[in-house]
Amino acid sequence: MRQPLIMGNWKMNGSREEGVQLAKALADGLNAGSQEVAVCVPFVYVSDIRGALASSPIALGAQNVADQASGAYTGEISAAMLADCGVKYALVGHSERRSYYGDTSQSVANRFCQAQKQNVIPVLCVGETLEEREQDRTFQVVDEQLDAVIDAAGIEAFANAVIAYEPVWAIGTGKTASDEQAQEVHQYIRKRIADRNPAIAEKVQILYGGSVKPDNAKGLFAMPDIDGGLVGGASLDAKGFLQICHSV
Ligand SMILES: O=C[C@H](O)COP(=O)(O)O
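Treat the numbers as computed from the prediction; the structure is a model and nothing was measured.

Colleague: Which residues make up the pairing of strand β2 (residues 36-41), and what values do they have?
Modeller: Taking burial as the measure, the six residues of β2 include five buried ones, the bulk of the element. As paired elements, strand β1 (residues 5-9) and β2 share five bridges and run parallel to each other. From the neighbouring strand, methionine 7 faces β2, where its bridge partner is alanine 38. Handedness of the β-α-β unit built from β1, helix α1 (residues 16-29) and β2 comes out right-handed. Pairing between β2 and strand β3 (residues 59-62): four bridges, direction parallel.

Colleague: Describe the UniProt feature "active site" (unreviewed entry) in the protein, listing the residues and the values that go with them.
Modeller: Those places that UniProt annotates as "active site" (unreviewed entry) correspond, in this numbering, to His94 and Glu166. Maximum C-alpha separation among the annotated residues is 8.3 Å over a sequence range of 73 residues, consistent with a single clustered spot. Looking at where histidine 94 falls in the secondary structure, it is placed in the loop between β4 (89-92) and α4 (95-100). For histidine 94, a count of 28 C-beta atoms within 10 Å translates into the label buried. What histidine 94 contacts, discounting residues up to four positions off in sequence, is Gln63 and Cys125. Among the structural elements, glutamate 166 can be located in the loop between β6 (162-165) and α8 (179-194). Judged by the 28 C-beta atoms lying within 10 Å of it, glutamate 166 is buried.

Colleague: Got a sec to walk through the site of the ligand? Specific residues and values, please.
Modeller: Around the ligand there are 14 residues in total, and Asn9, Ile171, Gly209, Gly232 and Gly233 lie nearest to it. Classifying every residue of the shell around the ligand gives five nonpolar, eight polar and one charged.

Colleague: Talk me through the sheet that holds strand β8 (residues 228-231); I want residue IDs and the actual numbers.
Modeller: What the eight strands build is a closed barrel, ordered β1-β2-β3-β4-β5-β6-β7-β8; its pairing is parallel. In this sheet, neighbouring strand axes are inclined to one another by 25 degrees on average, regardless of whether the strands run parallel or antiparallel.

Colleague: Any chance you could break down unusual backbone geometry for me, citing the residues and the numbers?
Modeller: Of note, the phi angle at lysine 11 is positive, near 50 degrees, even though the residue is not glycine. One non-glycine residue, asparagine 119, lies in positive phi territory at about 60 degrees. Among the secondary structure elements, asparagine 119 is positioned in the loop between α5 (105-117) and β5 (121-126). Of the residues examined, asparagine 119 has 12 C-beta atoms within 10 Å and is grouped as exposed.

What counts, and at which threshold
- Residues numbered from 1 in each chain as written.
- Predicted model: local features only at pLDDT ≥ 70, side-chain atom pairs only at ≥ 80, totals over all residues.
- Buried ≥ 20, exposed ≤ 12 C-beta atoms within 10 Å, placed from the backbone.
- Helix = DSSP H or I, 4+ residues; strand = E, 2+ residues; numbered from the N terminus.
- Pairing = 2+ DSSP bridges.
- Right-handed = clockwise from strand over helix to strand, strands pointing away.
- UniProt positions renumbered as here; feature names shortened; annotations may be inferred.
- Contact = placed C-beta atoms within 7 Å.
- Near = placed C-beta within 6 Å.
- Nonpolar A, V, L, I, M, F, W, Y, C, P; charged D, E, K, R; others polar.
- Axes fitted to C-alpha atoms, helices over the stretch in contact; angles between N-to-C directions.

Here's what the structure looks like:
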């Protein structure tokens, strides 16, 4: 049985004070349940949010991690620095990183490996654009994004990683994949992992991301291969995010 995981991704939003208030509201409002909850916050607020979450089970995540261990890489944040600040998860390969900042499959694979070396759990984001879906290339795109990491890190690395399927056309658009559309790709990803290692496939959490809201979370999370959500916009509102967390 896989533990459900609900992860908020605050992206580049909010002030320090707003982040602390949001974290405190989540800590106060979260009912004990079977699910794990995490928030991926802006790097500069990691320590403040860590303080606000101190007495809660909510885990801390980062939105990216450097593809190198240390050195002259101006502006980058290493996995060791994240670990040092109590960060448990780091997103790698979010579509906004791939499309706006040129993160390649190779650099995503390097980020994944760097995170694992420091015991930060990488959350590998994969997903197709609308154009790719319309060209019937969804599975091919997901294969390429997954394989780059499997080739670099080895399939065993997925025993300690999370995958997030995020169709780019559903991110921040209000258009959610239907429960069945999302399940189809999640099942495909799990099968792809199972072809190499069935035990790891059974265990790996695969989250859905793309306009998850309080009113669609329950249906998505009820699908057999959807183990929770990576929630963007709706994670900025404590009441709505808590409703999503309580939907599993
Ligand atoms: O990381 C989260 C995803 O990009 C989804 O964002 P969204 O819930 O605003 O569509």
